[in-house]
Every structure is written in C-alpha cells, then in structure tokens.
Amino acid sequence: MAFLQVEQLTKVYGSGDAAVRALDGVSLTVERGEFVAVMGASGSGKSTLLHLLGGVDKPTSGRITLDGVSLYDQKEEELTVFRRRQIGLVYQFYNLVPLLTVEENLTLPLLLDGRTADPARVLDLLARLGLEGKRRAFPAQLSGGQAQRVALARMLVSRPKALLLDEPFTGMDPETLQKAAALIRERGGGKNVLLATHDRDAIAALGWPVIQLAE
Ligand code: ADP
Ligand code: MG
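Quick caveat: nothing in here was measured; it's all calculated off a predicted structure.

Asks: Help me out: how do you make sense of the overall build of the protein in this one?
Replies: Helix and strand counts for the protein come out as seven helices and nine strands. Taking 17 Å as the expected radius of gyration for a compact globule of 215 residues, we find that the protein reaches 17 Å, a close match to that expectation. Expressed as a percentage of its 215 residues, the buried residues of the protein come to 48%. Here the contacts in the protein between residues at least 6 apart in sequence split such that 69% fall between residues at least 24 apart. Here the protein displays about 10300 Å² of accessible surface, and carbon together with sulfur accounts for 51% of that area. Taking the 25 positively charged and 25 negatively charged side chains of the protein as two groups, their mean positions are separated by 5 Å.

What follows is the structure, given as structure tokens:
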C-alpha cells in the first residue's frame, strides 16, 4: 500500500463571491520512502496542499490516507497526536516562537508531546546546518536563511515519518541548498519527503521527481 494517498482533494476558502478554489480534485500517490517535489506557480495551491497533508487545515472534500490512517476520519484529539508524532511540517514562513531561543524552539515540539529531546542530537543538527553559534539567539536575531534552517532542524529533531517542506530553500545560496538537501536526504532516509517549491532551478539541482499542480 502506498505511504500517502490523496484522493479528489478539494479546498475552497471562503464562500459565495469571495470563494477561492485553491485545490480542485487533486489526486496523487507517494510510495514509501519516496522523495517528491510539488511544483507549481505562486497561487497554485502548494501551501494549501501541504497544510492539508500536515493536518493543520481541513479539506472541503476528498480524502488523505497517510501510512494507512485516514487523516480526517480521526477524532480531533487523535489527529493532534498523529500530527505531532508522525508529520513534520516546515511552514513557508517558519513559524518560530519569537520569545524562545533557537535551542528552545528546537525542543518545544517534543516537550509539548511529553517527550524530551536528546541534547546531543540537537547540537548535531545545529552544527550540521551551520547554526552552532546561534544556539542561544532569538528568532529576531536570525537572517531569513538561518530562520529557515532552524525550522528545518526543529522538524528533524522529532523524527517524523513524513517530512513536509514548504519552499524550504528560499533565500539559500546554492552551497547552503546542497548542504540542506544532503541533510534532508540523509535524515529522511526511509522516510517520505514532500516539498513544495516554485523554484525549478533548485529542483533541477536536486533531481527529485516532480508532481506538477495546475494553476
Ligand atoms: P501557493 O503556495 O502555491 O502559492 P497557496 O496554497 O498559498 O498557493 O494559495 C492558493 C490559493 O488559495 C491562492 O489563490 C490564495 O490566495 C488562496 N488562499 C490561500 N490561503 C487562503 C486563506 N487562508 N484564505 C483565503 N484564500 C486563501
Ligand atoms: Mg506557498
């Protein structure tokens, strides 16, 4: 059975004249361990798709099955736990907590789930992303690229089964992009990685298979 199955997914924001059909009957399948890039122009619904896959927003209609579990057939509390344990979503705009340091941001998701982070693992991730010196910094003291990498590290710390990355390479120079991609490949080994991007050059450099969203 496929790791991820999306069937006839539709998302409409708002209603009446103001309704926006962000996704219209999207179906796709991702096999276990597959790395896939969702490509599409700005406004084609990439972020919407990732939010629905990540369980943070509800579809208007359609069905998502992740590792045998039908996401939106679960009770709200079950979905919350499933999301925390199984899905790592990195938002397009990072969503770091401004009042917490980089290190605290990394360990927060585990604490919320009643688990503790392995300090050696946290340090290793920070080092591998070139953030050793930023451990005690606050989000406002980071550049865009650094904030992006903190969000990436925060997702990797909790070892989710599926990694969902929304425009993860924005603002990274080619060298940093290759480093981040290598880390995702290594840490993501055996996991599923789905990333959304409008950046053809980044995808060409990574050589990942592409699912194209229509506008
Ligand atoms: P992408 O990530 O590919 O740029 P999005 O998923 O962000 O696309 O947006 C798809 C469409 O849905 C756009 O027309 C956008 O304006 C609209 N949209 C996204 N989020 C909302 C929202 N919360 N409320 C209303 N419209 C939205
Ligand atoms: Mg987007």
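Now that the structure is up, let's keep going.
Asks: Where do I start with helix H2 (residues 76-86) in this structure?
Replies: Note on helix geometry: an α-helix contains 3.6 residues per turn, so any two residues three or four positions apart are oriented the same way. For H2, the full list of buried residues reads Leu79, Phe82 and Gln86. Each buried residue of H2 lies within a common arc of 65 degrees when the element is viewed along its axis, so the set occupies one face. Looking at the buried residues of H2, the elements they touch are strand S4 (61-66), strand S5 (69-70), strand S6 (87-90) and strand S7 (162-166).

Asks: Sorry if this is basic, but what is going on with the site of ligand 1 here?
Replies: Around ligand 1 lies a shell formed by Tyr13, Val20, Ala22, Ala41, Ser42, Gly43, Ser44, Gly45, Lys46, Ser47 and Thr48. Here an oxygen atom of ligand 1 sits 3.3 Å away from a polar atom, N or O, in the main chain of Ser44. With respect to ligand 1, the backbone of Gly45 contributes an N or O atom lying 3.1 Å from an oxygen atom. Calculation on ligand 1 without its partners gives an accessible area of 560 Å², and the protein chains cover 58% of this total. Of all the elements in the fold, those that place two or more residues in the shell around ligand 1 are strand S2 (20-30) and helix H1 (46-53). Looking at which element gives the most residues to the shell around ligand 1, the answer is H1, with three residues. Looking at the shell around ligand 1 residue by residue, the classes come out as four nonpolar, six polar and one charged.

Asks: Whenever I open this one, helix H3 (residues 102-112) confuses me. Can you help?
Replies: Of all the positions in H3, only Val102, Asn105, Leu106, Thr107 and Leu110 are classed as buried. Buried residues along H3 sit against helix H4 (119-128) and helix H5 (144-157).

Asks: Is there a simple way to think about unusual backbone geometry in this case?
Replies: Only a minority of non-glycine residues have a phi that is not negative, and only a minority of peptide bonds are not trans. If you check the backbone angles, Gln8 has positive phi at about 50 degrees while not being a glycine. You will see that Glu167, though not glycine, has its phi angle at about 50 degrees, which is positive.

Asks: How do you make sense of the side chain of Thr10 when you look at a structure like this?
Replies: Checked against the element boundaries, Thr10 lands in strand S1 (residues 4-13). Residue Thr10 is classed as buried on the basis of its relative accessible area, which comes to 8%. With near-sequence residues (within four places) excluded, Thr10 lies in contact with Arg21, Leu23, Asp24, Gly25, Pro59, Thr60 and Ser61.

Asks: Whenever I open this one, the nonpolar core confuses me. Can you help?
Replies: Within soluble globular proteins, side chains that are nonpolar generally end up buried alongside one another. Core analysis: the largest hydrophobic core is formed by 39 residues, its most contacted members being Leu152, Leu165, Phe169 and Ile184. Listed by contribution, the elements that provide at least two residues to this core are strand S3 (35-39), H3, H4, H5, S7, helix H6 (174-187), strand S8 (192-197) and helix H7 (200-206). Ignoring any residue separated from it by four or fewer positions in sequence, one finds Leu152 in contact with Val90, Leu129, Leu165, Ala180 and Ile184. In this structure, Val6, Val26, Leu53 and Ile87 belong to the second largest nonpolar core, which totals 26 residues.

Asks: Quick question: what am I supposed to make of the pairing of S7 here?
Replies: Look at any regular strand and the pattern is simple: side chains alternate between the two faces of the sheet. Burial of S7 is extensive: five of the five residues sit out of reach of the surface. As paired strands, S6 and S7 are joined by four bridges and run parallel to one another. Bridge assignment links Val90 to a residue of S7, and that residue is Leu165. Of the pairings in the sheet, the one linking S7 to S8 comprises five bridges and is parallel in character. Bridge pairing in S8 places Leu164 opposite Leu194.

Definitions and cut-offs
- Residues numbered from 1 in each chain as written.
- Chains lettered and ligands numbered in written order.
- Predicted model: local features only at pLDDT ≥ 70, side-chain atom pairs only at ≥ 80, totals over all residues.
- Heavy atoms only, no water.
- Helix = DSSP H or I, 4+ residues; strand = E, 2+ residues; numbered from the N terminus.
- Rg over C-alpha atoms; globule rule 2.2 N^0.38 Å.
- Buried < 20%, exposed > 50% of the residue type's maximum accessible area, 1.4 Å probe, protein only.
- Contact = heavy atoms within 4.5 Å.
- Areas by Shrake-Rupley, 256 points an atom, 1.4 Å probe, with all protein chains shown as cover.
- Lys, Arg positive; Asp, Glu negative; His and termini not counted.
- Charge placed at Lys NZ, Arg CZ, Asp CG, Glu CD.
- Arc of directions from axis to C-beta.
- Near = heavy atom within 4 Å.
- Polar contact = N/O pair within 3.5 Å; in protein donor to acceptor, adjacent residues only side chain to side chain.
- Nonpolar A, V, L, I, M, F, W, Y, C, P; charged D, E, K, R; others polar.
- Core = buried A, V, L, I, M, F, W, Y, C linked by side-chain atoms within 4.5 Å.
- Pairing = 2+ DSSP bridges.

Remember, this is a structural readout, not a statement about activity or role.
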